[in-house]
Each structure stands twice: as C-alpha cells, then as structure tokens.
Amino acid sequence: MTDWSDLCRAAVEDVRLALAELPTRADREPVVGSGEGGDETTAIDAAAESAVIRRFETAGVDCLLVSEERGEVQVGDGGPTRVVLDPIDGSLNAKRGIAFFSLSIAVAQGATMGDVEFGFVHDFGTEEEWTAYRGGGAYLNGHLLDGERPKDRIEILAFEATRTASVAEKAHAVVDLAYRLRIMGSLALSLCHLAAGRVDAVCSLKPARAVDIAAAQLLVREQGLAIELPESPPFEAAPLDVEGRSRVVAAGTADLCAQLFAALSA
C-alpha cells in the first residue's frame, strides 16, 4: 500500500533539486511549450513536473496522473486512483525568486473533487507542510489544525489568478465586504491559509482548475469551511482535469461565499 505522505515528501526534494539546477530567472522563465491547461510551459514548470512524474514512476505506483503541463499520464498500470499534480503552484513567484510557491498533490479514488481522499501542499518559502485526509482532519507540519476559524466578517480577502486589469475591475465590488486585499500568487497556499484562519476568504478572478485546488480544498472542507465553484456546481462533482470551468470562492460560511460571488458578478 502506498504511503502517500512519504511519496509526496520525496517529490518535494525532487522539485527542490530541479529548482537548484535552474537557479536564476534567466534559467527558469524561458518558454519551452504549451501546457494542457492552456498556459505557457516554462523551463521550471517542465523540470519540476518531470521530476515528480519520475518519482511516481520509480515508486511503482499505479495511477492516472493529471498534471498541469502534460495533462493525463498513465503511471504503472493506471487504475482507479487519480493523482492531481501542480508541480509549482505560483510559478511566476518561483521564476522571479519570490518565496511563495508550492507543490500541490491530491490523491483521489475516482474522477471528481468529491473523490479526493488525501491532499498535500508544500510551501517552498516557509517550508510548511499542509496535509488533509478525508474524514481525518487537516494538518500543518503533522499537527492537527487548532480550529482557529476565519473571521465572520472578511478582514483579509485573498485574490488569486490576477492580472492588473482584473483587480482594477473587481476590487471596487468588494469594498463593502472586505477590509483588506492580499494578492499572494499561489491559489493552493491561499486556500491553506484560509484553512488555518490566516485569511478570511479566497477567490480567483478567472476559472480555477482542479490542479490548482484539489489538494488544498480538502483542508478547507476538513475544517468545516465553505468552498464553491459557483459557475459550475456542485463542487463535489467537479472533474479532476485541467479545464477551468468556474471561479472559486471560499470562506468561513456558504453565505459569505454567496455574498462574495454575487459582488464579483455584479
């Protein structure tokens, strides 16, 4: 039986080596192709993804791996297990040397978000390890999250998937809902911070893909918080693939999610 935690930790070290082999912006940012998710594939994206896939292949795992750059890759004999991988969530930060990016891995026994059983997110800036087990809680560095919840009123709202024009267009819509904005650059990590009560809500300004949220959403849900894909409900039925179908909104309650989405859609 696969020890997913140990396998994910080994993958962290593989990505770390890939980063070390491409130490500068000039090394990391050349475009080497186009990913299945629709974005340009840069050198650091490709190197990190290849390193993690090699790790899974040599570990003897049987699964269908879904990754941002290559799409679906059969590992071993394939089978019902689906592994959803974003080798570097926050790749622009990684390319520019900003220490806020992560490795995100989710393990599911099926093809939808509701089938995710294990989530793993590693922050390469703080070296924090976020994990969750369906029905078994959410953890930070191996310790059960203490249950400190986001505030009932949104003091800090994290915007993700942002361009300047998108922020300019939508920031005014949340003036009456959120006191301050944070734009940190990794949707997976922003959702982890929500799970720990460090921010009070998270939303993306463009459709979110399963590779970005599949692992971190489990921490959010294990904490009893709300997360929705309101343009393509229900959340649990969302396919574990690389297509973006809906913006994601997450907060302490479903009502706050609804208010936030209504404001952003006005």
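Heads up: the structure comes first, above all this text.
Okay, so let's go over this structure.

Scoring rules and cut-offs
- Residues numbered from 1 in each chain as written.
- Predicted model: local features only at pLDDT ≥ 70, side-chain atom pairs only at ≥ 80, totals over all residues.
- Heavy atoms only, no water.
- Helix = DSSP H or I, 4+ residues; strand = E, 2+ residues; numbered from the N terminus.
- Buried < 20%, exposed > 50% of the residue type's maximum accessible area, 1.4 Å probe, protein only.
- Contact = heavy atoms within 4.5 Å.
- Areas by Shrake-Rupley, 256 points an atom, 1.4 Å probe, with all protein chains shown as cover.
- Lys, Arg positive; Asp, Glu negative; His and termini not counted.
- Charge placed at Lys NZ, Arg CZ, Asp CG, Glu CD.
- Salt bridge = Lys/Arg side-chain N within 4 Å of Asp/Glu carboxyl O.
- Pairing = 2+ DSSP bridges.
- Core = buried A, V, L, I, M, F, W, Y, C linked by side-chain atoms within 4.5 Å.

## So, the overall build of the protein
And step 1. Helix and strand content of the protein: 9 helices and 15 strands.
And step 2. Considering only C-alpha atoms, the protein reaches an extent of 50 × 40 × 30 Å along its principal axes.
And step 3. Residue burial in the protein is summarised as follows: out of 266 residues, 55% are buried.
And step 4. A fraction of 60% describes how many contacts in the protein between residues 6 or more apart in sequence connect residues 24 or more apart.
And step 5. For the protein, the accessible surface area stands at approximately 11400 Å², while carbon and sulfur atoms represent 48% of it.
And step 6. Positive and negative side-chain charges of the protein, numbering 24 and 42 respectively, have mean locations separated by a distance of 5 Å.

## Examining the pattern of salt bridges
Where charged atoms of side chains with opposite charge meet at close range, the side chains can pair.
And step 1. Under the criterion given, the structure shown has 18 salt bridges.
And step 2. One salt bridge in this structure joins R16 and E13, with 3.2 Å as the shortest N-O distance. Of this pair, R16 and E13 are both found in helix α1 (residues 4-21), 3 residues apart, which corresponds to roughly one turn of the helix.
And step 3. For E13, a relative accessible area of 41% puts it in the partly exposed group.
And step 4. Between D14 and R55 there is a salt bridge; the shortest N-O distance is 2.7 Å. One end of the pair, D14, is in helix α1; the other, R55, is in helix α3 (residues 43-58), and 41 residues separate them in sequence.

## Concerning the pairing of strand β8 (residues 129-133)
And step 1. For β8, the tally of buried residues reaches 4 of 5 residues, placing the bulk of the element in the interior.
And step 2. Connecting strand β7 (residues 116-123) to the antiparallel partner β8 that follows it, the hairpin turn spans 5 residues, and E127 within it adopts a positive phi of roughly 65°.
And step 3. Both β8 and strand β9 (residues 137-140) contribute to a ladder of 4 bridges, which runs antiparallel. Within the sheet, the bridge partner assigned to A132 lies in β9 and is A138.

## Topic: the nonpolar core
And step 1. Judged by nonpolar contacts, the single largest core of 44 residues is most densely connected at W130, L191 and I213.
And step 2. Counting residues per element, this core draws most heavily on helix α6 (residues 187-195), which supplies 7 residues.
And step 3. In contact with I213, not counting residues within four places along its chain, are M113, L187, L191, A208, L229, F235 and V248.
And step 4. Core analysis: the next-biggest nonpolar cluster, separate from the first, contains 30 residues, A48, V75, F120 and F124 among them.

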